[in-house]
Amino acid sequence: MADKLIMSVDTGDIVIKLRPDLAPKHVAQITKLVDEGYYDGLTFHRVIDGFMAQGGCPDGTGMGGYKDNIDAEFSAEPHVRGVCSMARSQSPNSASSQFFICLDAAGFLDNQYTVWGVVESGMDHVDALPKGEPPVVAGKIVKVVTA
């Protein structure tokens, strides 16, 4: 099984270390979607300065997702800068394909969202994503591969 993702965005590569020790079902779903090319061409539709960058919505609105949801795998892992976690609706078991990368500490999310990875390199590219809800011109995920 892959232990990293390489996410190419408009400005460069983001290397994400996967955390199957924290969220094996989420890592399995994400790597399956990556291998299918699901994320290629999608955007970061919600980027809030000092908080997080969210992507993985197939229609770019934040309302869409993959057909299968994943049961929550909450952990005590803190939501700090560089942590990758799953977006969800009000239901804890509603995560599917949308994810976010923390731009700063967000402790109020701890034990309520599933942490599945951490950025090892390329946070400068995450920081450079256009801000907005949605951004005027959204940052694009060019391609994601497992490594």
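Scope of this entry: the structure provided in the associated data block.

### Let's talk about the pairing of strand β5 (residues 52-55)
Where burial is concerned, the two faces of β5 agree: the one with M52 and Q54 and the one with A53 and G55 are both buried. Note: strand β4 (residues 46-48) against β5, three bridges, orientation antiparallel. Paired with I48 across the two strands is M52, which belongs to β5. Counting the residues between successive antiparallel strands, the hairpin from β4 to β5 contains three residues, one of them, G50, with a positive phi of roughly 80°. With four bridges joining them, β5 and strand β7 (residues 99-102) adopt antiparallel strand pairing. Bridging from a neighbouring strand, G55 pairs with F99 of β7.

### Some remarks on the sheet that holds strand β8 (residues 115-121)
If you walk across this open sheet you meet the nine strands as β3-β9-β1-β2-β8-β6-β7-β5-β4, and the pairing is antiparallel. Of all strands in the sheet, those bounded by a partner on one side alone are β3 (43-44) and β4. Here three bridges tie strand β6 (residues 83-86) to β7, and the two strands are oriented antiparallel to one another. Within β7, the residue paired with C84 across the bridge is I101. Along the sheet, helix α1 (residues 24-35) contacts β1 (4-9), β2 (12-18), β6, β8 and β9 (139-146); its crossing angle with β9, the most-contacted strand, is approximately 105°.

### Structural notes on the packing of aromatic side chains
As enumerated under the stated definition, the model contains seven aromatic pairs in all. Ring geometry for Y38 against Y39: centres 5.4 Å apart, planes inclined by 85°, an arrangement best described as edge-to-face. On the basis of relative accessibility, which here comes to 2%, the residue Y39 falls in the buried class. With a centroid separation of 5.7 Å and 80° between ring planes, the pair formed by Y39 and F99 is classed as edge-to-face. One end of the pair, Y39, is in the loop between α1 and β3; the other, F99, is in strand β7, and 60 residues separate them in sequence. Members of the aromatic cluster, joined through ring pairs, are Y38, Y39, F44, Y66, F99 and W116. Sitting above the plane of the Y113 ring, R88 keeps its charged end 4.4 Å from the centroid.

### Digging into the nonpolar core
Nonpolar side chains in soluble globular proteins tend to be buried together. By size, the foremost hydrophobic cluster in this structure holds 32 residues, and its most contacted members are M7, Y39, F44, F99 and W116. Elements with a contribution of two residues or more to this core: β1, β2, α1, β6, β7, β8, α2 (123-127) and β9. Counting residues per element, this core draws most heavily on α1, at four residues. Once residues within four sequence positions are removed from consideration, Y39 is found in contact with I30, L33, V34, G56, S97, F99, I141 and V144.

Rules of the game
Residues numbered from 1 in each chain as written. Predicted model: local features only at pLDDT ≥ 70, side-chain atom pairs only at ≥ 80, totals over all residues. Heavy atoms only, no water. Buried < 20%, exposed > 50% of the residue type's maximum accessible area, 1.4 Å probe, protein only. Helix = DSSP H or I, 4+ residues; strand = E, 2+ residues; numbered from the N terminus. Pairing = 2+ DSSP bridges. Contact = heavy atoms within 4.5 Å. Axes fitted to C-alpha atoms, helices over the stretch in contact; angles between N-to-C directions. Phe/Tyr/Trp six-rings, centres within 6.5 Å; stacked < 30°, edge-to-face > 60°. Lys NZ or Arg CZ within 6 Å of the ring centre and 35° of its normal. Core = buried A, V, L, I, M, F, W, Y, C linked by side-chain atoms within 4.5 Å.

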